[in-house]
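Read off the chains here:
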Amino acid sequence: MRTAFTDLTGVQHPIVGFNRSPGVVAAVTNAGGLGVLGASAYTPDELDAQLSWIEEQVGGKPYGVDLLVPAKLAPGDPSNLVASLRAQIPAGHLSFVRDLLARYGIPETSARPGGDEIAASLNPAGATALLDVAFSHRICLVANALGTPPPDLVDRGRAAGVVVAALVGQPKHAVAQIAAGVDLLIAQGTEAGGHTGTIATMVLTPEIVGLAGGRPVLAAGGIASGAQMAAALALGAAGVWCGSVWLSSEEDVANQATKAKFLDASSSDTVRSPTRTGKPARQLRSAWHDEWESAGAPAPLPMPLQPMLVSEAWQRIDAAADAGHPGAVALESFFIGQVVGSFGQLRPAAEITRQMAADCEQRIAELAGLLTTAAPAPA
């Protein structure tokens, strides 16, 4: 299948596999799509190691990275960033999280202080450090979410022959990204997992295509099958950006308790909530969200204070849920889109990629058949 996106990146299938797991990224790339690693979860040294591993697996095939570069952040003192940010977290919030974990009996762990790396990576200087690592590798694409790209990102991309992409949730976001000079727009509808807006993919995609000025547009949000991929192409997209579907892959690093909850979930079991990151992000609803919505619960803090507040708690919850602790399983959640309701089993990421491409081609052929086999209108 050839589209403007496959021409731009040199991939076989117009499918992007975005995931935090290097194993998923490599598998998608090796299956003919474009694997993209979520880089903001790593320190620069960790990212360097992960990208080196991916390159060993893919043998020169194209892959990319994705960064969170928020347009708005709680201010901190650059000379002592983490300490100055931690000082802004109210005692009442710390007490609420501590009491929540105690009520659910979540064991303590040896987890390092939560959120420090997240705070650093979301800071402009931290994002630049991650970009330095990314551009030292053979990436073919770098994507930016939650705001316009850092000032020099587009110039660095052009100088290195790297495609610069940006996720947008509203037409005004696309206008700003185009003005910044990005090469590729990703229209992410509200169905998507993670940080997402309120406009549906069916509505948003053609709006962004109409504004793109000839730039390729990928559709994102609610796409986990070949039929949904064909629908995205019919809306004018040059391909699809998929995140949630890989959480049903064998290679994804989510623990088995989380994956079991995904397999049991329906499409109505997600919620947009700021309680993990400080910005609305779609995730699997759990007792965690019930607690934050209860009477007397504090309001979530802005980014990056909220992830600094809850990061260590989530390390404890994940570890205990993986061991089958009932309280942790009740709280367990992760970023996931509404397509979670279609998950039936865990499969290799390569199989998911190839099946989506094959089913998309079949659906397009079936649609074409509607034109060639239609009976002539009566005279």
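Quick caveat: nothing in here was measured; it's all calculated off a predicted structure.

S.K.: Explain the pattern of salt bridges to me, and be specific about the residues and the numbers.
M.R.: In total, this model carries 8 salt bridges according to the counting rule given. Where D7 meets R2, a salt bridge forms, and the shortest distance between an N and an O atom there is 2.7 Å. Residue class for R2 comes out exposed when judged on its relative accessible area of 70%. As a salt-bridge pair, R285 and D290 come within 3.1 Å of each other at their nearest N and O atoms. By relative accessible area, which is 32% here, R285 ends up partly exposed.

S.K.: Let's hear about the packing of aromatic side chains: which residues, and what values?
M.R.: Summed over all chains, the structure comprises 5 aromatic pairs. Consider the rings of F334 and F335, whose centres lie 5.3 Å apart with planes at 65°: the pair is edge-to-face. Taken together through their ring pairs, the aromatic side chains of F96, W288, W292 and W314 make up a single cluster.

S.K.: So, helix α16 (residues 349-372): which residues are in play, and what are the values?
M.R.: Taking 1.5 Å of rise per residue, 24 residues should cover 34 Å, and α16 covers 35 Å from first to last C-alpha, within 8% of that figure. Along α16, the residues classified as buried are A349, A350, I352, T353, M356, A357, C360 and G369. Where the residues of α16 are buried, they touch β1 (15-19), α2 (22-30), α11 (226-234) and β9 (239-242).

S.K.: Now, about helix α8 (residues 153-160): what can you tell me, with residues and values included?
M.R.: In an α-helix, one turn spans 3.6 residues; hence positions three or four apart end up facing the same way. Of all the residues in α8, the buried ones are L153, V154 and G157. End-on view of α8: buried residues confined to an arc of 100°, all on one side of the axis. Away from its buried face by more than 90 degrees, α8 exposes D155 and A159. Backbone geometry just downstream of α8 places G161 in the positive-phi region, at approximately 70°.

S.K.: Please provide a residue-by-residue account of the sheet that holds β1, values included.
M.R.: With respect to topology, 8 strands assemble into a closed barrel ordered β1-β2-β3-β4-β5-β6-β8-β9, the strand pairing being parallel. Taken over all neighbouring pairs, the strand axes of this sheet differ in orientation by 25° on average, direction set aside. In terms of strand pairing, strand β4 (residues 141-145) meets strand β5 (residues 163-168) through 4 bridges, oriented parallel. By the bridge assignment, L141 is partnered in β5 with V163. Relative to strand β2 (residues 34-38), α2 is tilted by about 165°, and along the sheet it contacts β1, β2 and β3 (63-68).

Thresholds, definitions, all that
- Residues numbered from 1 in each chain as written.
- Predicted model: local features only at pLDDT ≥ 70, side-chain atom pairs only at ≥ 80, totals over all residues.
- Heavy atoms only, no water.
- Salt bridge = Lys/Arg side-chain N within 4 Å of Asp/Glu carboxyl O.
- Buried < 20%, exposed > 50% of the residue type's maximum accessible area, 1.4 Å probe, protein only.
- Phe/Tyr/Trp six-rings, centres within 6.5 Å; stacked < 30°, edge-to-face > 60°.
- Helix = DSSP H or I, 4+ residues; strand = E, 2+ residues; numbered from the N terminus.
- Expected span 1.5 Å × (residues − 1).
- Contact = heavy atoms within 4.5 Å.
- Arc of directions from axis to C-beta.
- Pairing = 2+ DSSP bridges.
- Axes fitted to C-alpha atoms, helices over the stretch in contact; angles between N-to-C directions.

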